[in-house]
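Secondary and tertiary structure notes
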Amino acid sequence: MALPLNAQKESALVLFSGGQDSATCLAWALARFGRVETMGFDYGQRHAVELECREALREGMRAQNPVWAERLGMDHTLALGALGDISETALTRNAEIAMAEGGLPNTFVPGRNIIFLTFAAALAARRGIRHIVTGVCETDYSGYPDCRDDTIKAVQVALNLGMDARYVLHTPLMWINKAETWKLAEELGGDDLVTLINRESHTCYLGERTALHAWGHGCGKCPACDLRRAGWEDYEAEKAHA
């Protein structure tokens, strides 16, 4: 698809974990910007296997769409071990996943998305990129406060003030559920893209990639797997009745 001239000149940086949401956001960005780079973070997460999934997703999108292949630029991985060191959570420690005091699950890593966006903006400054894309969502999610729309808007204001910049933080999944996220992938790249994301992305908090379910790899028991399975089943049901 040909881009408007202004979009051809614009670049985007996608926060790309290797999960379903960020993979869909990468496809979304490739459909809208002339150059797209990706950035992942290694912060000592238990499911660090997600980082290993990123190249298969990037290569798959290149192979499926020659226009996207031309637009897809560098990948960056940043080590943020200090975040894991200071975070006493079930994502960074071998602990049972449960609800913590205050009503949040103990998978919540305090400040994670705020920190990610800050480092992404710093990289974007060096790379000459204005648009930053993240897959946060407050529709089907675990209640993390740094995924909320108000948080992202506040971070955008702070980054632009603090860096004297005009960054635009894009959240294409903010107001859609997991079934609609699968549908968005279908609209962007058809069944081939849906299959790629289903097979190659990783969502499971426990890092389980042995079992392949209809909805993808995962333990099938953690909150991330529950959300992904329910979204896939709803997506399949909607397709069957279309």
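Basis of the calculations
Residues numbered from 1 in each chain as written. Predicted model: local features only at pLDDT ≥ 70, side-chain atom pairs only at ≥ 80, totals over all residues. Heavy atoms only, no water. Pairing = 2+ DSSP bridges. Helix = DSSP H or I, 4+ residues; strand = E, 2+ residues; numbered from the N terminus. Axes fitted to C-alpha atoms, helices over the stretch in contact; angles between N-to-C directions. Contact = heavy atoms within 4.5 Å. Buried < 20%, exposed > 50% of the residue type's maximum accessible area, 1.4 Å probe, protein only. Expected span 1.5 Å × (residues − 1). Salt bridge = Lys/Arg side-chain N within 4 Å of Asp/Glu carboxyl O. Parallel < 35°, antiparallel > 145°, perpendicular 65-115°, else oblique. Nonpolar A, V, L, I, M, F, W, Y, C, P; charged D, E, K, R; others polar.

**Let's talk about the sheet that holds strand S1 (residues 11-15)**
- Across the sheet, 5 strands lie side by side as S3-S2-S1-S4-S5; this open sheet has parallel pairing. Of all the strands in the sheet, just strand S3 (72-79) and strand S5 (168-170) have a single pairing partner and so form its edges. Pairwise comparison of adjacent strand axes, ignoring direction, gives a mean angle of 25 degrees for this sheet.
- Of the strand pairs in this sheet, strand S2 (residues 35-42) and S3 are connected by 6 bridges, and their pairing is parallel. Paired with Val36 across the strands is Leu72, a residue of S3.
- Running over the sheet, helix H2 (residues 20-30) touches S1, S2, S3, strand S4 (131-133) and S5 and is turned about 175 degrees from S1.
- In the packing of helix H6 (residues 112-127) onto the sheet, the strands contacted are S1, S2, S3, S4 and S5, and the crossing angle to S2 comes to about 140 degrees.

**Some words on H2**
- Counted residue by residue, H2 has 11 buried out of 11 residues, so it is predominantly covered.
- Every buried residue belonging to H2 is among Gln20, Asp21, Ser22, Ala23, Thr24, Cys25, Leu26, Ala27, Trp28, Ala29 and Leu30, and all of these are buried.

**Looking at helix H7 (residues 149-163)**
- Between its terminal C-alpha atoms H7 stretches 21 Å, which fits the 21 Å expected from 15 residues at 1.5 Å a residue.
- Along its buried surface, H7 packs onto H6 and S5.
- Following H7 by one or two positions, Asp164 has its phi on the positive side, about 50 degrees.

**Quick look at the pattern of salt bridges**
- The full count for this structure, using the stated rule, is 12 salt bridges.
- Between Arg35 and Glu37 there is a salt bridge, and its shortest N-O distance comes to 2.3 Å.
- Arg35 gets classed as partly exposed once you look at its relative accessible area, which sits at 26%.
- Among the residues examined, Glu37 registers a relative accessible area of 1% and is labelled buried.
- Between Asp149 and Lys153 there is a salt bridge whose closest N-O contact spans 2.9 Å. Note that Asp149 and Lys153 are positioned in helix H7 at a spacing of 4 residues, about one turn of the helix.
- Linked by salt bridges that have partners in common, Glu55, Arg58, Glu59 and Arg62 make up one network.

**Focus on the packing of helix H8 (residues 178-200) against helix H9 (residues 223-240)**
- The geometry of H8 relative to H9 is characterised by a closest axis approach of 10 Å and an angle of 85 degrees between their N-to-C directions. Classified by the angle their axes make, H8 and H9 are roughly perpendicular. Where H8 approaches H9, its residues Lys178, Ala179, Trp182, Lys183, Glu186, Asp191, Val194, Ile197 and Asn198 are matched on the opposing element by Leu227, Arg228, Gly231, Trp232, Asp234, Tyr235, Glu238 and Lys239.
- Residue composition of the contact of H8 with H9, grouped by class: 7 nonpolar, 2 polar and 8 charged.

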